[in-house]
Amino acid sequence: AVVEGGGDYFLTVKDNQPTLEADIRAAFSPAFSPAEQKRRAVEDDQAESRNKGHGRVEIRRIWTTTRLTEYLDWPGLKQVCLLERVRRIKGKRTIETVTAITSLDSARGSAKGLLSVSRGHWGIENRLHWVRDMSLGEDACRVRTGAAPEILAALRNVALRLMRSSGLSEIAAGLRRHAAKPLEAMDLVMSYVPS
């Protein structure tokens, strides 16, 4: 629908697509013959960015390829990506690696451009999806039939909107506070109800 509407997508591949994720990771495996590595260099691109500030050093790397577009059955797919974020905070090093797919071809979505897109995507992931999954337990929810999943998603959206508009940036802390003080939660809801 996004591509048909004239847009493009950049999607992180999640655990619920294990075969797709495994295929993408395999595409970037270094265990290829020299002839294959030479061929891959034509179809692959990579970029890196480094940021330092607030007591941390962060390196973001992306590898992209068009080699899987004919193989994978995904609407509008033009490239797959392997993204790596290395962070060093107070001497502690963490590495996060994810895979992604995009409808942007290599002409419109270079590795450098996709690295920028991915940074914005990680921000969305951290701000919205991670909060929904971890703080609100959306992925663990067993409700899957009828209109109930949509209703629960709408209620989660309302809760997030209310907390953020009241100035809460730490949603998990806000949930704990409102669980401990339900009258405050009711006051927050009532403050947005038209009189």
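See the structure above.
Quick caveat: nothing in here was measured; it's all calculated off a predicted structure.

What the chain contains, in helices and strands, is six helices and five strands. Per-residue burial over the chain gives 29% buried out of 195 residues. Contacts in the chain between residues at least 24 apart in sequence constitute 56% of all its contacts with a sequence separation of at least 6.

Paired through their backbone hydrogen bonds, the strands of a sheet run either parallel or antiparallel. On the basis of which strands lie adjacent, the open sheet formed by five strands has the order β1-β5-β4-β3-β2 and antiparallel pairing. For this open sheet the edge positions go to β1 (10-12) and β2 (44-53), each flanked by a neighbour on one side alone. The sheet shows a mean angle of 25° between the axes of neighbouring strands, direction not considered. Inspection of the sheet shows strand β3 (residues 56-65) paired to strand β4 (residues 79-89) by ten bridges, in the antiparallel sense. Across the sheet, residue Val57 finds its bridge partner in β4, namely Arg88.

With respect to the helices and strands, His178 occurs in helix α5 (residues 171-180). Discounting chain neighbours no more than four positions away, the residues touching His178 are Met163, Leu168, Glu184, Ala185 and Leu188.

Turning our attention to the environment of Lys52. Checked against the element boundaries, Lys52 lands in strand β2. Since its relative accessible area comes to 76%, Lys52 is described here as exposed.

The phi dihedral of Lys90 is positive, around 50°, even though this residue is not glycine. Here Lys90 shows up in the loop between β4 and β5 (92-102). What makes Lys90 exposed here is its relative accessible area of 81%.

Attention now goes to the pairing of β4. Across the eleven residues of β4, eight count as buried, placing the element largely inside the fold. Of the pairings in the sheet, the one linking β4 to β5 comprises eleven bridges and is antiparallel in character. From the neighbouring strand, Arg85 faces β5, where its bridge partner is Glu96. Where β4 folds back onto β5 in an antiparallel hairpin, the turn is made up of two residues, including Lys90, whose phi is positive at roughly 50°.

Before going further, it helps to examine a nonpolar patch on the surface. A contiguous nonpolar patch, built from Met186, Val189, Met190 and Val193 and spanning about 340 Å² of accessible area, is present on the exposed surface. For Met190, the location among the structural elements is in helix α6 (residues 182-190).

In this section: the nonpolar core. Judged by nonpolar contacts, Tyr9, Val13, Leu20, Ile24, Ala27, Phe28, Leu68, Leu72, Leu77, Val80, Leu82 and Ile101 together constitute the single largest core of twelve residues. At the level of elements, α1 (18-27) and β4 are the ones that each hand at least two residues to this core. Top contributing element to this core by residue count: α1, with three residues. Setting aside chain neighbours within four positions, we find Val80 in contact with Ile24, Phe28, Trp63, Thr64, Thr65, Leu68, Leu72, Ala100 and Ile101. Among the nonpolar cores identified, the runner-up in size contains eleven residues, and Ile62, Leu83, Leu104 and Leu114 belong to it.

It is the contact of helix α4 (residues 148-165) with α5, at a shortest axis distance of 11 Å, that shows an interaxial angle of 100°. Taken together, α4 and α5 sit at an angle that is classed as roughly perpendicular. The residues of α5 that touch α4, namely those facing Leu160, Met163 and Arg164, are Ile171, Gly174, Leu175 and His178. Split into classes, the residues belonging to the contact of α4 with α5 amount to four nonpolar, two polar and one charged.

Parameters and conventions
Residues numbered from 1 in each chain as written. Predicted model: local features only at pLDDT ≥ 70, side-chain atom pairs only at ≥ 80, totals over all residues. Heavy atoms only, no water. Helix = DSSP H or I, 4+ residues; strand = E, 2+ residues; numbered from the N terminus. Buried < 20%, exposed > 50% of the residue type's maximum accessible area, 1.4 Å probe, protein only. Contact = heavy atoms within 4.5 Å. Pairing = 2+ DSSP bridges. Axes fitted to C-alpha atoms, helices over the stretch in contact; angles between N-to-C directions. Patch = residues over 30% accessible without salt bridge, like charges linked within 9 Å, V, L, I, M, F, W, Y side chains within 5 Å. Areas by Shrake-Rupley, 256 points an atom, 1.4 Å probe, with all protein chains shown as cover. Salt bridge = Lys/Arg side-chain N within 4 Å of Asp/Glu carboxyl O. Core = buried A, V, L, I, M, F, W, Y, C linked by side-chain atoms within 4.5 Å. Parallel < 35°, antiparallel > 145°, perpendicular 65-115°, else oblique. Nonpolar A, V, L, I, M, F, W, Y, C, P; charged D, E, K, R; others polar.

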